[in-house]
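If you want the building blocks of each chain, they are given just below.
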Amino acid sequence: MVKSGEEEKIRHILTDSKLALIKAMLEKDHAIDCIFLLHMNRGKWKEAKEFMRANGLTLSDGTFRARMIEIESLGLAESKYIDPLKKYYVATKFGEKVAKLLLEFFDKLGV
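Small disclaimer: the values here were computed from a predicted structure and weren't measured.

**Student:** How should I be thinking about the packing of aromatic side chains in this particular structure?
**Tutor:** The description of an aromatic ring pair rests on the distance of the ring centres and on the angle between the ring planes. Scanning all chains against the criterion turns up three aromatic pairs. Seen from their ring centres, Phe-36 and Phe-106 are 6.4 Å apart, and the 65° between their planes marks the pair as edge-to-face. One end of the pair, Phe-36, is in helix α3 (residues 31-39); the other, Phe-106, is in helix α6 (residues 93-109), with 70 residues separating them in the sequence. Here Phe-106 falls in the partly exposed class, since its relative accessible area comes to 40%. Considering the side-chain rings of Phe-105 and Phe-106, the 5.0 Å spacing of their centres and the 75° angle between planes classify their relative orientation as edge-to-face. Grouping aromatic residues by their ring pairs yields a cluster made of Phe-36, Phe-105 and Phe-106.

What follows is the structure in structure tokens.
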């Protein structure tokens, strides 16, 4: 049963332009993985790949780059150039806030 005011909150999340974009990004493949990688300061492809492999997980180069570009466009990360062709990503304050809320969400699931 929906509590008083929750339907309006849900409507706002689904229709607010910025929140709807964030929701859509979070629904994509490996989006949460990439937010957590940024939170752990692994916004460079090599570091991200090593972490994922060490934990028996997969993440393709193309997916990593696509998610990071989208995460950056939403203001959750910013890119820094290593050289003219390579860059890495770091979380912004907003990105850190999202990462911490996601950690709290999964922690509260208690599974």
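Next comes the rest of the write-up.
**Student:** Just checking my understanding: could you explain the side chain of Thr-92 for this structure?
**Tutor:** Mapping Thr-92 onto the fold places it in the loop between β2 (87-91) and α6. In terms of polar contacts, Thr-92 uses its side chain to reach the backbone amide nitrogen of Gly-95, at 3.1 Å. Discounting residues that sit within four places of it in the chain, Thr-92 has contacts with Gly-75, Leu-76, Ala-77 and Glu-78.

**Student:** Looking at this structure, I do not really get the side chain of Thr-63. What am I missing?
**Tutor:** Looking at where Thr-63 falls in the secondary structure, it is placed in helix α5 (residues 61-73). The exposure class of Thr-63 is buried, given its relative accessible area of 19%. Aside from chain neighbours lying at most four places away, what touches Thr-63 is Asp-29 and His-30.

**Student:** Help me understand unusual backbone geometry, please; the structure alone is not making it clear to me.
**Tutor:** Most peptide bonds take the trans configuration, and most residues that are not glycine carry a negative phi. Although it is not a glycine, His-30 sits at a positive phi angle of roughly 70°. Along the chain, His-30 turns up in the loop between α2 (17-26) and α3. Positive phi, close to 60°, is recorded for Asn-41, a residue that is not glycine. Note that Asn-41 resides in the loop between α3 and α4 (45-54). Classification of Asn-41 by relative accessible area gives exposed; the value is 64%.

**Student:** How should I be thinking about the environment of Ser-60 in this particular structure?
**Tutor:** Note that Ser-60 resides in the loop between α4 and α5. Only 2.8 Å separates the side chain of Ser-60 from the side chain of Thr-63, close enough to count as a polar contact.

**Student:** Explain the nonpolar core to me, please; I cannot follow it from the model alone.
**Tutor:** One broad rule of soluble globular proteins: the nonpolar side chains tend to lie buried together. Counting residues in each nonpolar core, the largest one holds 21 residues, and the members touching the most others are Met-25, Ile-35, Leu-59, Phe-64, Met-68, Ile-71 and Leu-76. Looking at this core, the elements with two or more residues in it are α2, α3, α4, α5 and α6. No other element matches the five residues that α3 contributes to this core. Setting aside residues up to four positions removed in sequence, Met-68 forms contacts with Cys-34, Leu-38 and Tyr-89.

Calculation rules
The numbers attached to residues start from 1 for each chain and follow its sequence in the written order. Owing to the predicted nature of the model, reporting of local features is limited to residues with pLDDT of at least 70; listing and counting of side-chain atom pairs is limited to 80 or more, with chain, interface and lining totals taken over all residues. In computing side-chain properties, one takes all heavy atoms of the structure into account and sets aside hydrogens as well as water. Whether two aromatic rings pair depends on their centres lying within 6.5 Å, for rings of Phe, Tyr and Trp, where Trp uses its six-membered ring; planes under 30 degrees apart make the pair stacked, over 60 edge-to-face, and the rest tilted. Strands here are runs of E lasting at least two residues and helices are runs of H or I lasting at least four, both read from the DSSP assignment and numbered beginning at the N terminus. With a 1.4 Å probe rolled over the protein chains alone, any residue whose accessible area is under 20% of its type maximum counts as buried; one over 50% counts as exposed, and the rest are partly exposed. Identification of polar contacts relies on pairs of N or O atoms within 3.5 Å, with a donor-acceptor requirement for protein atoms, meaning one able to donate a hydrogen and the other able to accept it, and with residues adjacent in sequence counted only if both atoms are side-chain atoms. The contact criterion used is simple: two residues touch if any of their non-hydrogen atoms lie within 4.5 Å. Buried Ala, Val, Leu, Ile, Met, Phe, Trp, Tyr and Cys residues form a nonpolar core when they are joined through side-chain atoms within 4.5 Å.

Functional significance is not addressed by these values, which are geometric in nature.
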